[in-house]
Amino acid sequence: MTGADINGPGVEAPRTDLAAEGHTITAVRGDVSDPDDNRTMAAAAVEPTGRLDVAVANAGVLPLSDVRETTARAWDHVMAIGPVDGGYLAR
């Protein structure tokens, strides 16, 4: 299993917990809105076994502001993480 997070240390706690239960987990730092990072994350997942059986794109962001005050840039970031990240990962 491979776990990825934009904040590298953010994936370490689950990796440590699962490793304590006997699971082998690869932790990777990556930004799902970056195509190069998606390639790196996918390569890390394939490396241990030579294949990728399942990929779950489960990332999201939420601007913590009144919707009437959300900037176009903040909204573009939400959209880059939501629908686009799965496409990058699937490629």
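Residues numbered from 1 in each chain as written. Predicted model: local features only at pLDDT ≥ 70, side-chain atom pairs only at ≥ 80, totals over all residues. Heavy atoms only, no water.

A.B. asks: Tell me what's going on with the confidence of the model for the protein chain, and back it up with residues and numbers.
C.D. replies: On average, residues of the protein chain score 85 in pLDDT, and 95% of them are at 70 or above. For the protein chain, per-element mean pLDDT is lowest for helix α4 (residues 83–90), which scores 68, and highest for helix α2 (residues 35–46), which scores 91. (pLDDT = per-residue confidence, 0-100. Helix = DSSP H or I, 4+ residues; strand = E, 2+ residues; numbered from the N terminus.)

A.B. asks: Summarise the side chain of Asp37; cite the residues concerned and give the values.
C.D. replies: Looking at where Asp37 falls in the secondary structure, it is placed in helix α2. In contact with Asp37, not counting residues within four places along its chain, are Arg29, Gly30 and Asp31. (Contact = heavy atoms within 4.5 Å.)

A.B. asks: So what about the layout of surface pockets? Which residues, and what values?
C.D. replies: Computed from the structure, the largest pocket encloses a volume of approximately 1,000 Å³. Mapped onto the lining of the largest pocket, the elements with two or more residues apiece are β1 (2–5), α1 (12–20), α2, α3 (72–81) and α4. Residues of the lining of the largest pocket, tallied by class, amount to 21 nonpolar, 12 polar and 6 charged. (1 Å grid on protein atoms, 1.4 Å probe; cavity = no way out; pocket = protein on both sides within 12 Å on 5 of 7 lines; lining within 4 Å. Points joined across faces, edges and corners; volume = space filled by probe spheres on them. Nonpolar A, V, L, I, M, F, W, Y, C, P; charged D, E, K, R; others polar.)

A.B. asks: Go over the pairing of strand β2 (residues 26–29) with me, naming the residues and quoting the values.
C.D. replies: Pairing between β1 and β2: 4 bridges, direction parallel. Within β2, the residue paired with Asp5 across the bridge is Arg29. A crossover links β1 with its parallel partner β2, the connecting element being α1, and its sense is right-handed. (Pairing = 2+ DSSP bridges. Right-handed = clockwise from strand over helix to strand, strands pointing away.)

A.B. asks: Got a sec to walk through the environment of Glu12? Specific residues and values, please.
C.D. replies: Here Glu12 lies in helix α1. A polar side-chain atom of Glu12 sits 3.0 Å from a polar atom in the side chain of Arg15. (Polar contact = N/O pair within 3.5 Å; in protein donor to acceptor, adjacent residues only side chain to side chain.)

A.B. asks: Help me get a handle on the environment of Ala13, residues and values and all.
C.D. replies: Residue placement: Ala13 occurs in helix α1. Among the residues examined, Ala13 registers a relative accessible area of 46% and is labelled partly exposed. Separated by 14 residues in sequence, Ala13 and Ala27 place their C-alpha atoms 9.8 Å apart. (Buried < 20%, exposed > 50% of the residue type's maximum accessible area, 1.4 Å probe, protein only.)

A.B. asks: Residues and numbers for the environment of Arg68, please.
C.D. replies: Topologically, Arg68 is positioned in the loop between α2 and α3. On the basis of relative accessible area, Arg68 is assigned to the exposed category, the value being 72%. One polar contact links Arg68 to Asp66, side chain to side chain, over a distance of 2.6 Å.

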